[in-house]
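The primary structure of each chain is shown beneath.
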Amino acid sequence: MNKQLLEKYNISFYKNSNKESYILINDVISSYLYIWRNIEDIDDFLVDIELCLRGQISVVADTDYSDGLLNLYGTLKPDELIISDERGLNWVAVPLLDFKELLL
């Protein structure tokens, strides 16, 4: 785990009584990461991130990775992920290399 990257984005975890780790929701980025807590979902996301990083964003079937329940919307760009609310406001950009590392 890249501790410098976790510190950069203020990402922290807590362990429950069963020693299972969970992300602490501190801000938009940690909230968005919470959405991707299931390995099956992460694998598909990582494939699309890798395509973007290789300059093949046109091959990505859907660049929107959103969650209507938490009202967080992610859009893949060639070298960053834009996280916003449902109207596209209050957005934050995370470099794809950083976000890939956070997912891993």
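Look above for the structure.
(A) Quick look at the side chain of D98. With respect to the helices and strands, D98 occurs in helix α4 (residues 96-103). Other than its neighbours up to four places away in sequence, D98 contacts L5, K8 and Y9.

(B) Up close: the nonpolar core. Among the nonpolar cores identified, the biggest contains 27 residues, and Y32, W36, F45, F99 and L103 are the most heavily contacted of them. Those elements that place two or more of their residues in this core are α1 (3-8), α2 (28-35), α3 (39-53), β4 (72-76), β5 (80-84) and α4. By residue number, the principal contributor to this core is α3, which donates six residues. Look past the residues within four positions of F45 in its chain and what remains in contact with it is Y32, W36, Y65, L76, L81, F99 and L103.

(C) Representation of a nonpolar patch on the surface in the model. A cluster of nonpolar side chains, I25, Y34, L69 and L70, forms an exposed patch at the surface whose accessible area comes to about 410 Å². Topologically, I25 is positioned in the loop between β2 (21-23) and α2.

(D) Examining the pairing of β4 more closely. The two faces of β4 differ: L72, G74 and L76 on one face are buried, but Y73 and T75 on the other face are not. One ladder, built from four bridges, connects strand β3 (residues 64-67) with β4; its direction is antiparallel. Its bridge partner being in β4, S66 is matched across the sheet by Y73. The pairing of β4 with β5 spans four bridges and is antiparallel. Residue pairing in the sheet places T75 in a bridge with I82 of β5. Count of turn residues in the β4/β5 antiparallel hairpin: three residues.

What counts and what doesn't
- Per chain, the residues get numbers from 1 upward, laid out in the order the sequence is written.
- The model is predicted, so local features are restricted to residues of pLDDT at least 70 and side-chain atom pairs to those at 80 or more, both for listing and for counting; the totals for chains, interfaces and linings are taken over all residues.
- With hydrogens and water set aside, each side-chain value is computed from the structure's full complement of heavy atoms.
- Secondary structure is summarised from DSSP: a helix means a run of H or I of at least four residues, a strand means a run of E of at least two, and numbering begins at the N terminus for each.
- Any two residues having at least one pair of non-hydrogen atoms within 4.5 Å are treated as being in contact.
- By nonpolar core is meant a set of buried Ala, Val, Leu, Ile, Met, Phe, Trp, Tyr and Cys residues that side-chain atoms within 4.5 Å join together.
- Relative accessibility thresholds used throughout: buried, under 20% of the residue-type maximum; exposed, over 50%; partly exposed, between the two (1.4 Å probe, protein chains only).
- Each patch is built from residues that are more than 30% exposed by relative accessible area and take part in no salt bridge. Like charges join if they lie within 9 Å; nonpolar side chains (Val, Leu, Ile, Met, Phe, Trp, Tyr) join within 5 Å.
- We get accessible surface area from the Shrake-Rupley algorithm with a probe of 1.4 Å; when it comes to residues, only the shown protein chains can shield them.
- By convention in these notes, a salt bridge is any Lys or Arg side-chain nitrogen within 4 Å of a carboxyl oxygen on Asp or Glu.
- Here, any two strands with at least 2 DSSP bridges between them count as paired.

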